[in-house]
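# Coordinates in review
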There are 2 protein chains.
Amino acid sequence: MTGREASKPYHHNDLRSALLEAAVGLIEETGADSLTLRSVAKRVGVSHTAPYRHFADLSELTAAVAAEGFHKLSAEFHPVRTDADIDPAQRLVELGVAYVRFAMKHPAHFRVMFREHQNKPDWLEEASQNAFQALLDTVSEGQAAGALAGTEAHEIAIPAWSIVHGLSALLVDGPRDKFMPEGAPFTEAGLALARSTVETFLHGAAAPRDSR
Amino acid sequence: MTGREASKPYHHNDLRSALLEAAVGLIEETGADSLTLRSVAKRVGVSHTAPYRHFADLSELTAAVAAEGFHKLSAEFHPVRTDADIDPAQRLVELGVAYVRFAMKHPAHFRVMFREHQNKPDWLEEASQNAFQALLDTVSEGQAAGALAGTEAHEIAIPAWSIVHGLSALLVDGPRDKFMPEGAPFTEAGLALARSTVETFLHGAAAPRDSR
DNA sequence: TACAAAAGTTTCCAGTGTCAACATCCAGGA
DNA sequence: TCCTGGATGTTGACACTGGAAACTTTTGTA
């Protein structure tokens, strides 16, 4: 004797995932600022307080999107990390390209990953740490192989992370028209830019002095 | 026959500036997400709709903070741009250091400058363009002087902006403890990191091959 | 001095996050 | 098989928010 008409079950069965997906969609469409818990719930077709069964509050939901982003980023890194055919210096370039590719493929995740999170949960901290560790390891290996400068991984890893992070941020939210040829397909042009940027980083911005 | 007790005048006389200042303070204290128009108004001691006499809506207020940020950034650039004693390659380094210094000195502005702005006003676009132009000019001059690689300013300017922007973003909102020695004073350590990062960018991350 | 525009206030409304109380469903032990 | 408790979802309420409208106070100026 409920008011419901057939089909729709009371339990969603995977509401958590559905909420995350809806949140990502809404962030892509209308920006992270205007994300509301109620709009997420509405998109999934569920009451406006249902999300509280899965997330303590709105900030935890966005934190979950962020963590998902870091996992996707690590996944994007993985093939580069395990391909034995890439030489150590080039591996750093490919890792950087993978970073930018991730940002362009998942702009909503990317935006949320590098926001202030008022109550940063441990699992978010850990997810981000894991991704950074992949970079640190790649750099260490490159240094051990004599292909990268320095002896301390941070010396290279921080500038490297900075440059791809900065480029990604500028590509995702910045003035695209200033950065790229007008008509070019966004992702392709972005990736080409990423590659040349990281290679500039590798070989230096200073004019070549002696060799060539 | 008003209810007011002496002193406080009906007109504030410079409410616009006061609102901007209050907004900056609140962003620093509680983050940009939790900035509310009412809290800004309250801090200034004014009714919650008074800001509408100066800003169309909340997003325009944050856009104004962002524009103010770009002006401060340009001001930070200025001495570097006009100091005749710096050689062209080093000037790029100093410009990068100035960028990071700005970000650390004005974290609230910085955060808001690189957010999505739903209705990006022209004056904001223009302010950001001006700052970027200073970098482009510096690079062009460096290239003309034969100190920087390439012939197209964008080739160097985009990676350069990326690297300092990325470092700044990571310093302002990222995991500081992962980046810096524990006890060190934040700004000094940050600036040292900025300098070494930009110099790495200038000379390349690859291990030196021939010379030395 | 009159008065219109500028600056600030009060009142109101719809939308939001979150809490508390309630309803429904599923799984496992009697 | 029943029945019962926890997990999941809903309804209703509350305080707070952005914003519109209509009002009041002040000030510059003809």
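Details of the structure are given in the entry above.
Report on the accompanying structure. Because the structure is predicted, anything quoted here is derived from the model rather than measured. (Residues numbered from 1 in each chain as written. Chains lettered and ligands numbered in written order. Predicted model: local features only at pLDDT ≥ 70, side-chain atom pairs only at ≥ 80, totals over all residues. Heavy atoms only, no water.)

We now examine the interface of chain A and chain B. Contacts between chain A and chain B engage 41 residues on the former and 40 residues on the latter. Summing the contributions of chain A and of chain B, the shared interface buries around 3,500 Å²; its carbon and sulfur component is 59%. The interface formed by chain A and chain B includes four salt bridges. R115(B) is paired through a salt bridge with D33(A); the nearest N and O atoms lie 3.1 Å apart. The tally of links between chain A and chain B comes to 14 residue pairs in polar contact (both at pLDDT 80 or more). At the level of secondary structure, the elements contributing two or more residues to the side of chain A that touches chain B comprise helix 6 (122–144), helix 7 (153–173), helix 8 (176–179) and helix 9 (186–203) of chain A. Considering every element that reaches the side of chain A that touches chain B, the biggest residue donor is helix 7 of chain A, with 14 residues. The residue inventory of the side of chain A that touches chain B, partitioned by class, reads 20 nonpolar, twelve polar and nine charged. (Contact = heavy atoms within 4.5 Å. Buried area = accessible area lost by both parts, 1.4 Å probe. Salt bridge = Lys/Arg side-chain N within 4 Å of Asp/Glu carboxyl O. Polar contact = N/O pair within 3.5 Å; in protein donor to acceptor, adjacent residues only side chain to side chain. Helix = DSSP H or I, 4+ residues; strand = E, 2+ residues; numbered from the N terminus. Nonpolar A, V, L, I, M, F, W, Y, C, P; charged D, E, K, R; others polar.)

To go from the first copy of the chain to the second, apply a rotation about an axis and then a shift along the same axis. With an RMSD of 0.0 Å, chain A superimposes on chain B once it is rotated by 180° and translated 0.0 Å along the axis. Taken together, the rotation and translation describe the operation of a two-fold axis. Both copies present the same face, since 98% of the interface residues in chain A are matched by interface residues at the equivalent positions in chain B. (Least-squares fit on C-alpha atoms with pLDDT ≥ 70 in both.)

Below, the discussion takes up the pattern of salt bridges. For side chains bearing opposite charge, pairing can occur when the charged atoms are close. Tallied over the entire structure, the rule returns 20 salt bridges over all chains. Of the charged contacts in the structure, one is a salt bridge between E116(B) and R111(A), with a shortest N-O distance of 3.6 Å. With one member in each of two chains, E116(B) in the loop between helix 5 (107–113) and helix 6 (122–144) and R111(A) in helix 5 (residues 107–113) form a pair that bridges those chains. A relative accessible area of 25% means that E116(B) is categorised as partly exposed. Among the ionic contacts, a cluster of salt bridges with common partners joins D33(A), R115(A), D33(B) and R115(B). (Buried < 20%, exposed > 50% of the residue type's maximum accessible area, 1.4 Å probe, protein only.)

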